Amino acid sequence: MTQEIQPREMLDRLVGFRTVSSASNLELIHFVRDYLASHGIESHLTPDETGQKANLHAVIGPAEEGGVILSGHTDVVPVEGQAWSTDPWTVTEREGRLYGRGTCDMKGFQALALALVPEMLQAGMRRPIQIALSYDEEVGCLGAPHMIRRMAREIPPASACIVGEPSMMEVVTGHKGQIGFLTELHGFEVHSSLCHTGVSAVMNAARLIEWLRQRQIEQAEASASRPADHPANAYEPPFTTLHAGMISGGTASNITAKYCRFSTDIRVVPGETEGEWIERYHAYAQEVEAEMQAIHPDARIDVTERNVTPACLKEMGEEARAEALCRSLTGDNGQHVVSYGTEAGQFQEEGFSTCICGPGNIEQAHQPDEFLSVDQFQQGEAFLRRLIDRMAA
């Protein structure tokens, strides 16, 4: 039986699925699969290695080249510890705002794309719209690459990809790259009165964190002398940031710590590469490790790259098909970049012309009482209807 679901009802449905990154997203994915199937559309699922999560992609319209991908992630961030005034898993409308986890980031965009599927089919589109829904974006854009490679391999190539992250419906053509490290230090325990004979994992972790801080100071100072037209200057801040966000370790104040771990987040501006920063960090970690092992051979540092998310880079000339399309649909001629990461750079790596354009303000994402304004929801709906008309022309 064909399912007709209006945009607001679709948003209610999607927000109701508790797709926090630590949980399965299959309930939502299976709902979308069944909904599309009711319209005669076949979905293709790409599961993760556990079988508890999956990406979904589908082609709506003719299996022809020149289509447009509408991309979004299904996972959301946790609500625990946040002071919500509404039920985060139920959309609550109040004073022109739609409150709920994921309304802004980014189930609003997905709800619109899915609710308009019947209109896509009725429009007689000459070129297809492709739906791409991923898992684990919020923990490092881990799921999308598997789906993107499959799309590039198995279906007619799209001419443009629109990642519907919240951009206030402005056309965003760039974002920083991102690296997530987990650093684990293994020391050697002795009484702190004899700390010169031990190896403190905590004290050596502090050295690595201080290295991050010093590199950011250097980055900030260097940015002041860059040419005015340097692409990094469009970002806030206009330099690579290096940040340690979580740390734990040690047993007692009078024992040299046997173990310490901390997480690192590096956001890389254009003109620099993720690979360069990975090499620099590994090189310094190896220096510290050598000094630790000079005291005790079993001491060591393990650095794990949890995620490396490529930057989205502004495309030039004829390659900027996604940008040109979104500008023509929105009328936005401004130059916009963002410091947060998305899956856009991963689509670009597989040869898809990509930009970011979606309803909502990123300032509301991840917050208690996250919301998407009704006006932005309506603007996103009008944008997608104009896209459908364009694909039918």
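Residues numbered from 1 in each chain as written. Predicted model: local features only at pLDDT ≥ 70, side-chain atom pairs only at ≥ 80, totals over all residues. Heavy atoms only, no water.

Undergrad: Run through the layout of surface pockets, naming residues and quoting values.
TA: Rolled over the atoms, a probe with the dimensions of a water molecule shows which regions are left empty. Taken as a whole, the largest pocket encloses approximately 730 Å³ of empty space. Taken together, 29 residues line the largest pocket, and the ones lying closest to its centre are Glu138, Val139, Gln178, Asp265 and Arg267. Counting only elements with at least two residues in the lining of the largest pocket, the list comes to strand S9 (177-186), strand S10 (241-249), strand S11 (259-268) and strand S12 (300-309). Looking at the lining of the largest pocket residue by residue, the classes come out as nine nonpolar, 13 polar and seven charged. (1 Å grid on protein atoms, 1.4 Å probe; cavity = no way out; pocket = protein on both sides within 12 Å on 5 of 7 lines; lining within 4 Å. Points joined across faces, edges and corners; volume = space filled by probe spheres on them. Helix = DSSP H or I, 4+ residues; strand = E, 2+ residues; numbered from the N terminus. Nonpolar A, V, L, I, M, F, W, Y, C, P; charged D, E, K, R; others polar.)

Undergrad: Break down the packing of helix H3 (residues 103-115) against helix H10 (residues 374-392) for me, with residues and values.
TA: Two numbers describe how H3 lies on H10: the axes approach to 10 Å, and their chain directions differ by 40°. Between H3 and H10, the angle falls in the class oblique. In the crossing of H3 with H10, the sense of the turn from one axis to the other is right-handed. Residues Gly108, Phe109, Leu112 and Ala113 of H3 form the contact with H10, whose participating residues are Phe377, Gly380, Glu381 and Leu384. Looking at the contact of H3 with H10 residue by residue, the classes come out as five nonpolar, two polar and one charged. (Axes fitted to C-alpha atoms, helices over the stretch in contact; angles between N-to-C directions. Parallel < 35°, antiparallel > 145°, perpendicular 65-115°, else oblique. Left-handed = near helix turned anticlockwise from the far one by under 90°. Contact = heavy atoms within 4.5 Å.)

Undergrad: Account for the nonpolar core, naming residues and giving values.
TA: A general trend in soluble globular proteins is that nonpolar side chains are found buried together. One finds Met10, Leu36, Leu70, Met120, Ile129, Leu384 and Leu387 to be the most contacted residues of the largest nonpolar core, which totals 54 residues. With sequence-adjacent residues up to four places away left out, Leu70 is seen in contact with Phe109, Ala113, Met120, Ile129, Gln130, Ile131, Ala132, Ile162, Leu384 and Leu387. The next biggest cluster of nonpolar side chains, apart from the first, holds 25 residues, and it includes Val199, Tyr281, Met292 and Val303. (Core = buried A, V, L, I, M, F, W, Y, C linked by side-chain atoms within 4.5 Å. Buried < 20%, exposed > 50% of the residue type's maximum accessible area, 1.4 Å probe, protein only.)

Undergrad: Can you explain helix H7 (residues 274-295)? Please cite residues and give values.
TA: End to end, H7 covers 32 Å across 22 residues, agreeing with the expected 32 Å (1.5 Å per residue, within 8%). Buried residues of H7: Glu274, Trp277, Ile278, Tyr281, Tyr284, Ala285, Val288, Glu289 and Met292, and no others. All buried residues of H7 fall inside an arc of 145° around its axis, so they share one side. In H7, the exposed positions angled more than 90 degrees off the buried face are occupied by Glu279, Gln286 and Ala294. (Expected span 1.5 Å × (residues − 1). Arc of directions from axis to C-beta.)

Undergrad: Pulling in residues and values, what's your account of the sheet that holds S9?
TA: In spatial order, the strands read S10-S11-S9-S12; together these four strands make up an open sheet with antiparallel pairing. Edge positions in the sheet fall to S10 and S12, since each of these pairs with one other strand and no more. With strand direction ignored, the average angle separating the axes of adjacent strands in the sheet is 15°. The pairing of S10 with S11 spans eight bridges and is antiparallel. Paired with Thr241 across the bridge in S11 is Arg267. Lying on the sheet, H7 is in contact with S9, S10, S11 and S12; it crosses S12 at an angle near 170°. (Pairing = 2+ DSSP bridges.)

Undergrad: For the packing of aromatic side chains, give the residues involved together with the corresponding values.
TA: Two descriptors summarise a pair of aromatic rings, namely the distance from one centre to the other and the angle between the planes of the rings. Taken as a whole, this structure holds seven aromatic pairs when the rule is applied. Where Tyr99 meets Phe371, the ring centres are 5.5 Å apart and the plane angle is 55°; that geometry is what we call tilted. Linking Tyr99 in strand S5 (residues 97-99) with Phe371 in strand S15 (residues 371-373), this pair joins segments that are 272 residues apart in sequence. Among the residues examined, Tyr99 registers a relative accessible area of 7% and is labelled buried. Here the aromatic cluster, defined as three or more aromatic residues joined through ring pairs, consists of Phe181, Trp211, Tyr281 and Tyr284. When the ring centre of Phe371 is taken as reference, the NZ or CZ atom of Arg97 above it lies at 4.1 Å. (Phe/Tyr/Trp six-rings, centres within 6.5 Å; stacked < 30°, edge-to-face > 60°. Lys NZ or Arg CZ within 6 Å of the ring centre and 35° of its normal.)

Undergrad: Give a detailed account of the sheet that holds S15, specifying residues and quantitative values.
TA: The strands making up a sheet associate through hydrogen bonds between their backbones, and the pairing can be parallel or antiparallel. The sheet built from three strands is open, its strands ordered S4-S5-S15 with antiparallel pairing. Each having just a single partner strand, strand S4 (92-94) and S15 make up the two edges of the open sheet. Pairwise comparison of adjacent strand axes, ignoring direction, gives a mean angle of 25° for this sheet. Relative to S5, S4 runs antiparallel, the two sharing three bridges. By the bridge assignment for S5, Thr92 is matched with Tyr99. H3 rests against S5 and S15 of the sheet, and its axis sits at about 55° to S15.

Undergrad: Report on the pattern of salt bridges, specifying residues and quantitative values.
TA: Across all of its chains, the model carries 18 salt bridges by this definition. Residues Arg33 and Asp34 are paired through a salt bridge, measuring 3.3 Å at the closest nitrogen-oxygen approach. Ionic contacts of the salt-bridge type, sharing partners, join the residues Arg8, Asp12 and Glu93 into one network. (Salt bridge = Lys/Arg side-chain N within 4 Å of Asp/Glu carboxyl O.)

Undergrad: A description of empty space enclosed by the protein should follow, citing residues and the corresponding values.
TA: The full count for this structure, using the stated rule, is one cavity of 30 Å³ or more. Empty space within the largest cavity amounts to approximately 40 Å³. Lining the largest cavity are Leu70, Ser71, Gly72, Phe109, Gln110, Ala113, Leu114, Ile131 and Leu133. The set of elements that each furnish at least two residues to the lining of the largest cavity consists of strand S3 (67-73), H3 and strand S6 (129-134). For the lining of the largest cavity, the element with the most residues is H3, which contributes four residues. Per-class residue counts for the lining of the largest cavity are six nonpolar, three polar and no charged.

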